[in-house]
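Chains, contacts and geometry: an overview
Letter by letter, the chains look like this.
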Amino acid sequence: MGFGAIAAGLLFLFNPNISVVDVLPDAIGYLLIYRGLFQMSFISPKLQEVRSSIWKLALITALRFLSIVFLPYTSETFGLVLVFTFGVLEAIFFIPAFVGLFEGFYGLGVRLNVDSVFDSRTISVKTKDGEAKTKKVEYAERLKIYTIVFFLIKTTASILPELTALQANDSGSIINTRLNVRLSQFKPLFYLFCTAIVLVFGLVWLVRFLRYVNRMKRDTVLCSGVTEYFQTNVASSPAQMAALRMKIVHILLAAAAVCTLIFLVDGVDIILNAFASVFVIIALILMCRDAENKPLVAGSIAVSVASAILSVVSLLIQIPYFEEYEAMAARYIANASVEYRAVRFWGTAENVVVMIMFILAFLVYCRVLKKHVSYINITGNVTQYSADARRSEILHEVYGRVIVTGIIGVIYFILSSAYFTVAMYFAEIYLVNTVVCFLWIAMVVHLITTAYENIYERLEQNY
């Protein structure tokens, strides 16, 4: 049904953030809530909008978590900018998302005639005359207000300690004040104080929200109504289920392409291709159901696993070398030349295998496209223009994008494979690789958009 995933997601949201550091990553919590709302979103258009906002929140908080890598190389002022920027972005989506979440639940209650979503309780109150009377209160509405209040407290508490950076000037010295006290020395105390406040409000919020979710989970009428609607109108349609699976596949392929970007910190590429391999493996598993060539899928997964292993090995070899030398040092220093041979070998092998991984993944993708195109219901004058001809036309249009994307991808991975060798003589190869990588990512996104507009939007909307 999804209430269990929502409850699990809430466990990642109650804790405080210290700068951009989040012990329980909010991104995981939002993804769990996104998954938990899956079935309910088909019966409630409001919850469909909420899922879109929740997905954006997951991306924002994931970027906030990844921005940790910049902190050792930036000033306190830049840390304040990061925290403030992500706080504002999260607020822009969080408040409408959770207001919409409750409104979506209320809509389910009205449609299915259940009261658990309102969490209505009868309480006894005294009038001005001292007489006791009963009053019906919707505690869900109170929880909605408290959710917004807690989020604002959590966001404010993450920003306040960083404001100490405003006391320093460009040289890092203290700006003259009447107190002439460097507030940054009290920053750990500010962190402790803000953390305590967020934990107090967060634990109260978590307990109340979990009770609310558990109340809905125990409502058999609500759960059976949502499940019955999903099974009847969605799960029974192979075409619609295929469109839903491929929506996830497309996101994973785009994420995999982004993870192939070379991002150097002191000469070391900190964005592991292993991340891309993991995304590709998950995408292949999702496509396996519709891929008729199972050995091709199995081989693609095996290559993806090998790619992940090579990525880690390559990183472990790069770190000790770049702690002492630069790439060009291998031309002049004997010890550097010997150590750099391993860097070049494993870096080249890694990128070659990553290229093979994407080639095989796109071959599986093309096989899946061919099957899914057959689900499209072609209407119109089929005597002059047959349904099969129209399906073939759609398929070839998408195949054309696959070929162009594949060619650019091969060019990029050839450059990446040669990167460690060329970097010995031409340092600007990093910029060339980056430009080609952005082109590769743009083509993957363009391919995904084309496939969705020509195939999966038709299947999802049944036209």
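Residues numbered from 1 in each chain as written. Predicted model: local features only at pLDDT ≥ 70, side-chain atom pairs only at ≥ 80, totals over all residues. Heavy atoms only, no water.

This part takes up the packing of aromatic side chains. Counted according to the given criterion, the structure contains 25 aromatic pairs. On the numbers, 4.0 Å between centres and 10° between planes, the contact of Phe 94 with Phe 151 is stacked. You can see Phe 94 sitting in helix α5 (residues 76–112) and its partner Phe 151 sitting in helix α6 (residues 139–159), a full 57 residues away along the chain. For the pair formed by Phe 94 and Phe 151, the shared burial category is buried. Ring-pair connections join several aromatic residues into one group, and the members of that group are Phe 94, Phe 98, Phe 102, Phe 105, Phe 150, Phe 151, Trp 205, Phe 209 and Tyr 212. Positioned above the aromatic ring of Tyr 139, the side-chain terminus of Arg 142 is 4.9 Å from the ring centre. Over the aromatic face of Tyr 146 sits the side chain of Arg 208, whose NZ or CZ is 5.1 Å from the ring centroid. (Phe/Tyr/Trp six-rings, centres within 6.5 Å; stacked < 30°, edge-to-face > 60°. Helix = DSSP H or I, 4+ residues; strand = E, 2+ residues; numbered from the N terminus. Buried < 20%, exposed > 50% of the residue type's maximum accessible area, 1.4 Å probe, protein only. Lys NZ or Arg CZ within 6 Å of the ring centre and 35° of its normal.)

Time to look at unusual backbone geometry. For Asn 113, which is not a glycine, the phi torsion comes out positive at approximately 55°. Tracing the sequence through the fold places Asn 113 in the loop between α5 and β1 (120–126).

Any region with low pLDDT has predicted coordinates that should not be read closely. Mean pLDDT over the protein stands at 84; residues scoring 70 or higher make up 89%. Ranking the elements of the protein by mean pLDDT puts β1 last with 70 and helix α1 (residues 3–10) first with 92. (pLDDT = per-residue confidence, 0-100.)

Take the packing of helix α11 (residues 294–324) against helix α12 (residues 334–373) next. The geometry of α11 relative to α12 is characterised by a closest axis approach of 8 Å and an angle of 155° between their N-to-C directions. With respect to each other, α11 and α12 are oriented roughly antiparallel. Where α11 crosses over α12, the handedness of that crossing is left-handed. (Axes fitted to C-alpha atoms, helices over the stretch in contact; angles between N-to-C directions. Parallel < 35°, antiparallel > 145°, perpendicular 65-115°, else oblique. Left-handed = near helix turned anticlockwise from the far one by under 90°.)

Right, let's get into the pattern of salt bridges. Oppositely charged side chains may form a pair once their charged atoms are brought near each other. What the rule picks out here adds up to ten salt bridges. Where Asp 22 meets Arg 64, a salt bridge forms, and the shortest distance between an N and an O atom there is 3.5 Å. Here Arg 64 lies in helix α4 (residues 45–66) and Asp 22 lies in the loop between α1 and α2 (26–36), a separation of 42 residues in the sequence. What makes Arg 64 buried here is its relative accessible area of 6%. Salt-bridge contacts for Glu 141 lead to Lys 144; the nearest nitrogen and oxygen are separated by 2.9 Å. In this pair, Glu 141 and Lys 144 are both assigned in helix α6, three residues apart and thus about one turn of the helix distant. One salt-bridge network, in which partners are shared between bridges, spans Asp 22, Asp 26, Arg 64, Glu 90 and Lys 154. (Salt bridge = Lys/Arg side-chain N within 4 Å of Asp/Glu carboxyl O.)

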